[in-house]
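Listed below are the residues making up each chain.
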Amino acid sequence: MKRFVILVFLLITTGLWAQSEDQHLMEGKKAPLIKAKDQNGKLVDSKEFLKDEKLIVVFYRGQWCPYCNRHLAALEENVDKFTAAGARLIAITPEKPKMVSKTIEKTHASYSILWDRNNKIMKSFGVDFVLPPNLQKKYKKFGVDLSIENGNDSQVLPVPATYVIGKDGTIKYVHYNTDYKKRSTAKEILEHL
């Protein structure tokens, strides 16, 4: 319990260091192409998906984040509704595949989760930020070493964000908030499909 409380504190302080509101992609802009392998080794290519369906793209920090796990689990409960509305859900994380499998264990996610190996996807959407050195040290004290979790030394995390992308590649909805506790809901997403 003590570790959970401390981890929540760390998550709160991380939100204070996230980038400003005006650096991420906004509604009406063309979404960058997404191309990466999912947890099953399958290549996910947004260009191919958008031929037939809309795309819901969710950025999350990692399996160590209880807020991320709750959000992803809540979205899993609505996958059928998203599909019925003509959309596919994918999640993107800086965590390497071994950690993604832990996310799946915790959330029961059936949708594709992509490892953003070199943070290229996060950067293209403008949701990336570097965790400050003082927080890196605090995270490590509580067992969260981003170099190990993410498989690189960049110390980059995404601001938790959700994008709905239309078949034409245009962003139709954005939920972006540097307060990591404020996440998109399935209802909000469905209203924009």
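No experiment lies behind these values; they were computed from the predicted model shown.

Participant: Would you mind showing me how to read the packing of aromatic side chains here?
Facilitator: Both the distance between ring centres and the angle between the ring planes are used here to describe each pair of aromatic rings. Counted under the stated rule, the structure contains 5 aromatic pairs. Judged by centre distance (5.3 Å) and plane angle (75 degrees), the rings of W64 and Y139 are edge-to-face. With W64 in the loop between β3 (54–59) and α3 (66–76) and Y139 in helix α7 (residues 133–141), this pair connects stretches of sequence that are 75 residues apart. Note on W64: relative accessible area 6%, which makes it buried. You can call Y139 buried: its relative accessible area is 1%. Joined through ring pairs, the aromatic side chains of F59, F125 and Y163 make up one cluster. The ring centre of Y67 lies 4.7 Å from the NZ or CZ of R70, which sits over that ring. R88 extends its terminal NZ or CZ atom over the ring of F49, reaching a point 3.8 Å from the ring centre.

Participant: Would you explain the environment of P66 in this entry?
Facilitator: When you line up the elements, P66 lands in helix α3. Taking the C-alpha atoms as reference points, P66 and K181, 115 residues apart in sequence, are found 9.9 Å from one another.

Participant: When you look at the sheet that holds strand β8 (residues 161–165) in this model, what are you seeing that I'm missing?
Facilitator: Sheets are built from strands paired through backbone hydrogen bonds, the pairs being either parallel or antiparallel. A sheet is described by the order of its strands in space; here 5 strands give the open sequence β5-β4-β3-β8-β9, paired in mixed fashion. On the outer flanks of this sheet lie β5 (112–115) and β9 (171–176), each paired with one strand and no other. Between one strand axis and the next, the sheet turns by 20 degrees as a mean value, whatever way the strands run. Where β3 and β8 come together, 5 bridges link them in antiparallel fashion. Looking at β8, one finds that V57 is bridged to Y163. Sitting on the sheet, α3 touches β3, β4 (87–93) and β8, and the angle it makes with β3 is about 160 degrees.

Participant: Just to check I follow, could you spell out the environment of P32 for this structure?
Facilitator: Among the structural elements, P32 can be located in the loop between α1 (2–17) and β1 (35–37). Placed 138 residues apart in sequence, P32 and T170 show a C-alpha to C-alpha distance of 9.3 Å. Beyond its immediate stretch of four places on either side in the chain, P32 contacts L25, S46, S124 and F125.

Participant: I keep staring at the nonpolar core and nothing clicks. Help me out?
Facilitator: Here is a general trend for soluble globular proteins: nonpolar side chains tend to be buried in one another's company. Core analysis: the largest hydrophobic core is formed by 56 residues, its most contacted members being V57, F59, F125 and Y163. Aside from chain neighbours lying at most four places away, what touches F125 is H24, L25, A31, P32, I34, F59, Y163 and I165.

Participant: Which parts of the structure should I look at to understand the environment of S101?
Facilitator: For S101, the position within the fold is in helix α5 (residues 97–107). Separated by 12 residues in sequence, S101 and I113 have C-alpha atoms that sit 9.3 Å apart.

Participant: Honestly, the side chain of S46 in this entry has me stumped. Any pointers?
Facilitator: By secondary structure assignment, the location of S46 is in helix α2 (residues 46–49). Excluding its chain neighbours within four sequence positions, the residues that come into contact with S46 are P32, L33, I34 and L55.

Quick notes on the rules
Residues numbered from 1 in each chain as written. Predicted model: local features only at pLDDT ≥ 70, side-chain atom pairs only at ≥ 80, totals over all residues. Heavy atoms only, no water. Phe/Tyr/Trp six-rings, centres within 6.5 Å; stacked < 30°, edge-to-face > 60°. Helix = DSSP H or I, 4+ residues; strand = E, 2+ residues; numbered from the N terminus. Buried < 20%, exposed > 50% of the residue type's maximum accessible area, 1.4 Å probe, protein only. Lys NZ or Arg CZ within 6 Å of the ring centre and 35° of its normal. Pairing = 2+ DSSP bridges. Axes fitted to C-alpha atoms, helices over the stretch in contact; angles between N-to-C directions. Contact = heavy atoms within 4.5 Å. Core = buried A, V, L, I, M, F, W, Y, C linked by side-chain atoms within 4.5 Å.

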